[in-house]
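# Coordinates in review
Each chain, written out:
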Amino acid sequence: MLRVLYFVMVVALATLAALWLVDLPDAVTIDGPDYQLTTSLSVLIVAVAVIAFVWALIYHVWRWLRGGPRRIAAGWSARRRERGYQALTKGLVAVAAGDARSAQRLGREAGRLVENPLNLLLLAQAAQLDGDETKARRHFGAMLEHDETEFLGLRGLIVQATKAGEWGA
């Protein structure tokens, strides 16, 4: 309710100011080397406002065009990241379903699209499903290099060593 009242007050004040300017009898004369321009104060104010509006519009269009490549690159990056996270999610679902081939394919795709250490977990689990313990060990070892996945990598290596009976490892 207060917004409507505020809006009505602003419109009323703007209307009163416009009527006041129209009623001013004063004339403004602009002298140049080869010309003389005589107009009323209200027409001059409207002309200045129109010129300022057009100038601001040109400036904003110029800024929008100048920032276009950055916005396009950001959009491409966001779409790439989204596709990578979708591949990572689908790969984890494939691991849970026991589909090693799809999990490996989606893991490679996710690794190509986004840099996320969880991708190593997906690849390690896909290798375990496929029976390739060497590849799984390599991926679990790579997980140790990231703070976010260090625990998961260590746990994976321990589980592999336990399965293989390598108690010293």
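Check the entry above for the structure.
Quick summary incoming for the structure in this document. Since this is a predicted model, take the numbers as computed values, not measurements.

## Regarding the overall build of the protein chain
Helices and strands together make up the secondary structure of the protein chain, namely 7 helices and 2 strands. Shown N-terminal to C-terminal, the secondary structure of the protein chain runs as helices and strands in the order α-β-β-α-α-α-α-α-α. Computed over C-alpha atoms, the radius of gyration of the protein chain comes to 34 Å, more than 25% over the 15 Å expected from 2.2 N^0.38 for 169 residues, which places it beyond the range of a compact globule. Principal-axis analysis of the C-alpha atoms gives the protein chain an extent of 105 × 50 × 30 Å. Across the 169 residues of the protein chain, 22% fall into the buried class. Within the protein chain, contacts between residues separated by at least 24 positions form 35% of all contacts whose residues are at least 6 apart in sequence.

## Thoughts on the packing of aromatic side chains
By the definition in use, this model includes 1 aromatic pair. Geometrically, the ring pair formed by Tyr59 and Trp62 is tilted, given 6.1 Å between the ring centres and 35° between the ring planes. Here Trp62 and Tyr59 lie together in helix α2 (residues 41–66), a separation of 3 residues that amounts to about one turn. Residue classification places Tyr59 among the partly exposed positions, given a relative accessible area of 39%. Trp62 sits in the partly exposed class, given a relative accessible area of 46%.

## What to know about the side chain of Asn116
Here Asn116 is to be found in the loop between α4 (100–113) and α5 (118–130). Among all residues touching Asn116, those that are not within four sequence positions of it are Tyr85 and Leu88.

## A closer look at a positive patch on the surface
Residues Arg63, Arg66, Arg70 and Arg71 make up a contiguous surface patch of positive charge. Counting only elements with at least two residues in the positive patch, the list comes to α2 and α3 (68–97). Structurally, the position occupied by Arg66 is in helix α2.

## As for the environment of Gly153
Looking at the element boundaries, Gly153 is found in helix α7 (residues 150–164). Look at Gly153 and you get buried, because its relative accessible area is 0%. Along the sequence, Gly153 and His139 sit 14 residues apart, while their C-alpha atoms lie 7.9 Å from each other. Ignoring anything within four residues of it in the chain, the contact list for Gly153 reads Phe140, Met143 and Leu144.

## As for the pairing of strand β1 (residues 27–31)
The sheet contact formed by β1 and strand β2 (residues 36–40) spans 5 bridges and is antiparallel. Pairing of Thr29 across the sheet is with Thr38, part of β2. Counting the residues in the hairpin turn of β1 and β2 gives 4 residues.

## Some points on the nonpolar core
If you look at the biggest cluster of nonpolar residues, it comprises 9 residues: Ala87, Leu88, Ala94, Val95, Ala103, Leu106, Ala110, Leu122 and Ala126. Secondary structure elements with two or more residues in this core: α3, α4 and α5. If one sorts the elements of this core by residue count, α3 sits on top with 4 residues. For Val95, the residues in contact, after removing those within four places along its chain, are Ala103, Leu122, Gln125, Ala126 and Leu129. Membership of the second largest hydrophobic core comes to 7 residues, among which are Leu121, Ala124, Ala136 and Met143.

## Some points on the environment of Val50
Along the chain, Val50 falls in helix α2. The class for Val50 is partly exposed, based on a relative accessible area of 46%. A C-alpha to C-alpha distance of 73 Å links Val50 and Thr134, two positions 84 residues apart in sequence.

Scoring rules and cut-offs
- Residues numbered from 1 in each chain as written.
- Predicted model: local features only at pLDDT ≥ 70, side-chain atom pairs only at ≥ 80, totals over all residues.
- Heavy atoms only, no water.
- Helix = DSSP H or I, 4+ residues; strand = E, 2+ residues; numbered from the N terminus.
- Rg over C-alpha atoms; globule rule 2.2 N^0.38 Å.
- Buried < 20%, exposed > 50% of the residue type's maximum accessible area, 1.4 Å probe, protein only.
- Contact = heavy atoms within 4.5 Å.
- Phe/Tyr/Trp six-rings, centres within 6.5 Å; stacked < 30°, edge-to-face > 60°.
- Patch = residues over 30% accessible without salt bridge, like charges linked within 9 Å, V, L, I, M, F, W, Y side chains within 5 Å.
- Areas by Shrake-Rupley, 256 points an atom, 1.4 Å probe, with all protein chains shown as cover.
- Salt bridge = Lys/Arg side-chain N within 4 Å of Asp/Glu carboxyl O.
- Lys, Arg positive; Asp, Glu negative; His and termini not counted.
- Charge placed at Lys NZ, Arg CZ, Asp CG, Glu CD.
- Pairing = 2+ DSSP bridges.
- Core = buried A, V, L, I, M, F, W, Y, C linked by side-chain atoms within 4.5 Å.

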